[in-house]
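Fold and geometry: a report
Spelled out, the chains give:
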Amino acid sequence: MAAVATRQSGTSSHLCFACVWRGFLRGLPSFGTRGTSGSSASGVSFGFNFNTVVNTNDKDAGSLRQVLINTQTLGGEASLAQANAADGTARPAGKDNIVFMLPTTDPNYKTTDKYWQIVLNTSLPKLSDNIVLDASLQTGYSTNNRPVVELNGSGIVGVQANGLTLEGKTTGSVIKGLAINSFTGNGILINQSQNNIVQKNIIGSDPSNTKTSVGNGGSGISVTDQIGTNLVGGSN
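Because the structure is predicted, anything quoted here is derived from the model rather than measured.

**Some details on the environment of S63**
Residue position: S63 is located in the loop between β4 (52-53) and α2 (64-73). Given a relative accessible area of 0%, S63 falls into the buried group. In this structure the C-alpha to C-alpha distance between S63 and L102, which are 39 residues apart in sequence, comes to 9.9 Å. Discounting chain neighbours no more than four positions away, the residues touching S63 are V53, N55, N57 and D58.

**Points about the pairing of strand β13 (residues 178-181)**
Here β13 shows no split at all, with L178 and I180 on one side and A179 and N181 on the other all buried. With four bridges connecting them, strand β10 (residues 149-152) and β13 associate as parallel partners. Its bridge partner being in β13, L151 is matched across the sheet by I180. The pairing of β13 with strand β16 (residues 202-203) spans two bridges and is parallel. Residue pairing across strands places I180 opposite I203, the latter belonging to β16.

**Considerations on the packing of aromatic side chains**
Describing an aromatic ring pair means giving the distance of the ring centres and the angle of the ring planes. Scanning all chains against the criterion turns up one aromatic pair. Centre to centre, the rings of Y109 and W116 are 4.6 Å apart; their planes meet at 50°, and the pair counts as tilted. According to the relative accessible area criterion, Y109 is buried, its value standing at 16%. By relative accessible area, which is 3% here, W116 ends up buried.

**With respect to the nonpolar core**
Formed by 32 residues in total, the largest nonpolar core has its most connected members in L64, F100, L151, L164 and L178. Those elements that provide at least two residues to this core are α2, β6 (96-100), β8 (115-119), β9 (131-134), β10, β11 (164-167), β13 and β14 (188-191). Setting aside chain neighbours within four positions, we find L151 in contact with L64, I118, L124, L164, L178, A179, I180, N181 and F183.

**Considerations on the side chain of N51**
Assignment of secondary structure puts N51 in the loop between β3 (30-34) and β4. Side chain to side chain, N51 and T52 meet in a polar contact 3.5 Å long. Of the polar contacts made by the side chain of N51, one reaches the backbone oxygen of N97; its length is 2.9 Å.

**Considerations on the sheet that holds β11**
Strand order in the open sheet formed by three strands is β11-β14-β17, and the pairing between neighbours is parallel. Lying at the two open borders of the sheet, with one neighbouring strand each, are β11 and β17 (221-224). On average, each strand axis in the sheet is tilted by 10° relative to the strand beside it, whichever way the strands run. Sheet topology note: the β14/β17 ladder contains four bridges and is parallel. Within β17, the position partnered with I190 by the bridge is V223.

**Section: the sheet that holds β9**
Taken in spatial order, the six strands make up an open sheet running β4-β6-β9-β12-β15-β18, and their pairing is parallel. In the strand order of this sheet, the two ends are held by β4 and β18 (231-232), each with one partner. Pairing analysis gives two bridges linking strand β15 (residues 197-199) to β18, with the strands arranged parallel. Each bridged residue has a counterpart across the sheet, and for V198 the counterpart in β18 is V232. Contacts between α2 and the sheet are confined to β4, β6 and β9, with β6 contributing the most and set at about 165° to the helix.

**A word on the environment of T56**
Its place among the elements puts T56 in the loop between β4 and α2. Judged by its relative accessible area of 3%, T56 is buried. Among residues more than four places away in sequence, those in contact with T56 are L102, D106, N108, W116, Q117 and I118. Side-chain polar atoms of T56 contact the side chain of D106, separated by 2.5 Å. Within the local environment of T56, its side chain forms a polar contact with the side chain of N108, the two groups lying 2.9 Å apart.

Scoring rules and cut-offs
Residues numbered from 1 in each chain as written. Predicted model: local features only at pLDDT ≥ 70, side-chain atom pairs only at ≥ 80, totals over all residues. Heavy atoms only, no water. Helix = DSSP H or I, 4+ residues; strand = E, 2+ residues; numbered from the N terminus. Buried < 20%, exposed > 50% of the residue type's maximum accessible area, 1.4 Å probe, protein only. Contact = heavy atoms within 4.5 Å. Pairing = 2+ DSSP bridges. Phe/Tyr/Trp six-rings, centres within 6.5 Å; stacked < 30°, edge-to-face > 60°. Core = buried A, V, L, I, M, F, W, Y, C linked by side-chain atoms within 4.5 Å. Polar contact = N/O pair within 3.5 Å; in protein donor to acceptor, adjacent residues only side chain to side chain. Axes fitted to C-alpha atoms, helices over the stretch in contact; angles between N-to-C directions.

Here it is in structure tokens:
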């Protein structure tokens with residue numbers, strides 16, 4: 001039976017019927033009650049599901065940006081549970097697990113090099129709630145043994161922008177399996193955050209790790225105002 005996702009706004013819990021219908025068609029990878037700590041949420045869009053990336057668009061339903069907005073806006077992580085990945089990998093309970101389900105029919109799928117390119121026009125939201133952003137579970141990673149999802153900041157002009165930013169309350173987020181390039185700032189910024197894991201990424205090149213002209217303007221990975229330890233690198 002498909003899992004059902006609900007969202008909570010104020011004191012009421014509302015069933016996302018679109019999520020239920022799509023769930024029966026394809027199987028929702030997550031379930032639980034998502035809340036907003038007693039206040040209304042704005043800017044939230046479920047699309048296929050609140051935490052599933054299904055296209056390479058810069059914004060709107062099913063995009064990585066919208067999924068990150070959803071996970072940072074909705075509460076209820078403590079009770080959140082998610083089904084295992086297609087290869088059987090367990091997804092940690094109690095954290096938002098971003099699910100990549102990008103199809104090869106997407107217009108930004110590079111058929112020759114076999115990867116998906118997400119070109120951003122503005123900075124992604126800063127991540128202050130714990131998430132698991134593991135693109136190594138996207139179909140194609142295990143076959144190619146390298147990232148198959150690229151975050152490309154070439155569309156951001158005139159401002160300094162980091163690829164991804166972990167800050168503040170994040171104390172156990174995971175970033176894996178991405179190629180991050182062409183940002184004016186750092187590939188990844190970890191600011192006043194600890195116990196995070198950053199592994200299996202290619203920073204400053206494309207997924208094939210052959211392009212040398214797509215580096216980031218700042219550091220590949222920068223840790224500032226460190227308050228604890230973070231694990232960067234390794235094969236897991």
